[in-house]
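Coordinate inspection notes
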Amino acid sequence: TTPPLSCRIPLLPRSKITLFLSFAFRRFVIRQTSVCQAGGCWLVKLFWKLSKLFLLFPKSAVQQCTECLVALELPCPPCGTMSKKPTTGPALHKVIMVGSGGVGKSALTLQFMYDEFVEDYEPTKADSYRKKVVLDGEEVQIDILDTAGQEDYAAIRDNYFRSGEGFLCVFSITEDDSFQATQEFREQILRVKNDENIPFLLVGNKCDLNDKRKVPLAECQSRAQQWGVPYVETSAKTRENVDKVFFDLMRQIRSRKTEDSKTTNGRVKDKSKRRKIKCMPL
């Protein structure tokens, strides 16, 4: 009996049992068109064991089974390379810009994104940007949400903060009020995220106007030390430390994701171990 072309596994009519097993295995292979990527490898290994242990099929059947799996779009043929895991896109790091209005959040973002400085100030409602960058030799994506600093938009900040993975809290070194407002932004972020170790940088912008400084450097460093976060001074105009604050924050986010992944995997392993322990009725 010749099987259909959809599965070219030879049937050897040595006995009724052999014929039955051959048809059963052929139908089993066809039903596995929706198996995961590892399924193809498992099927071929099973076929190989059957051909060896029970001598149901000749050795050439392994190659023919491979052709069948390829025709059915099942991966992992034994005669070729092992199937690769599906390639995923670059890691995405979500950054939120927070701070009072007019401190230069948008100017920093545009300088980082497009290498240009915008002098005209227009109040921002909420602008989102995305860019591919190379972080320590690895291609990643950074998603930047430039939020509004005006009090009129304070009620909707919680929604923005929930989606953030890291925060750049920006103030102007020439405006003491913007520096004092960072305390409120910090408290709001911690309340929403419920995590004191969230990736966070305190950024003093407009350092090119050092002659007009109103916030002493020591006071800025003291607040950052109190919060346990890095402090960096930047200039959107001269591009000083602009790349640094974004890349340093992405490194914090990446490190945090790695720690969370290890913690999650550890919990899963512990649960699997606990499931193996069963009480035996006496």
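Every value quoted in this text rests on a predicted model; they were computed, and no experiment measured them.

Cut-offs used in this document
- Residues numbered from 1 in each chain as written.
- Predicted model: local features only at pLDDT ≥ 70, side-chain atom pairs only at ≥ 80, totals over all residues.
- Heavy atoms only, no water.
- Patch = residues over 30% accessible without salt bridge, like charges linked within 9 Å, V, L, I, M, F, W, Y side chains within 5 Å.
- Areas by Shrake-Rupley, 256 points an atom, 1.4 Å probe, with all protein chains shown as cover.
- Salt bridge = Lys/Arg side-chain N within 4 Å of Asp/Glu carboxyl O.
- Lys, Arg positive; Asp, Glu negative; His and termini not counted.
- Charge placed at Lys NZ, Arg CZ, Asp CG, Glu CD.
- Helix = DSSP H or I, 4+ residues; strand = E, 2+ residues; numbered from the N terminus.
- Buried < 20%, exposed > 50% of the residue type's maximum accessible area, 1.4 Å probe, protein only.
- Pairing = 2+ DSSP bridges.
- Axes fitted to C-alpha atoms, helices over the stretch in contact; angles between N-to-C directions.
- Contact = heavy atoms within 4.5 Å.
- Expected span 1.5 Å × (residues − 1).
- pLDDT = per-residue confidence, 0-100.

1. Some thoughts on a negative patch on the surface
A contiguous patch of negative charge on the surface is contributed by Glu 175, Asp 176, Asp 177 and Glu 219. By the element assignment, Glu 175 lies in the loop between β4 (166-172) and α6 (176-193). Owing to a relative accessible area of 32%, Glu 175 belongs among the partly exposed residues under this scheme.

2. Focus: helix α4 (residues 105-114)
Among the 10 residues of α4, eight are classified as buried, and the element is accordingly described as predominantly covered. Where α4 ends, the next residue or the one after it, Asp 115, has phi of about 55 degrees, a positive value.

3. Here's the deal with the sheet that holds β4
Here we have six strands laid out as an open sheet, ordered β2-β3-β1-β4-β5-β6, and mixed in their pairing. Each edge of the open sheet carries a strand with a single partner, namely β2 (126-135) and β6 (231-233). Across the sheet, the mean angle separating the axes of adjacent strands is 25 degrees when strand polarity is ignored. Note: strand β1 (residues 91-99) against strand β3 (residues 138-147), seven bridges, orientation parallel. Within β3, the residue paired with Leu 92 across the bridge is Gln 141. Contacting β1, β4 and β5 (200-205), α6 crosses the sheet at an angle of about 165 degrees to β4.

4. Describing α6
Here α6 is 18 residues long and its end C-alpha atoms lie 27 Å apart, about the 26 Å a rise of 1.5 Å per residue gives. All buried positions along α6 are accounted for by Ser 178, Phe 179, Ala 181, Thr 182, Phe 185, Arg 186, Gln 188, Ile 189 and Val 192. Structurally, α6 contributes buried residues whose contacts are with β1, α5 (157-163), β4, β5 and α7 (217-227). Positioned one or two residues after α6, Asn 194 has a phi angle of 55 degrees, which is positive.

5. A look at the confidence of the model for the protein chain
When pLDDT is averaged along the protein chain, the result is 76; 61% of the residues meet or exceed 70. For residues 54-59, every residue scores under 50 in pLDDT, and the model assigns this stretch 16 contacts once sequence neighbours within four places are set aside.

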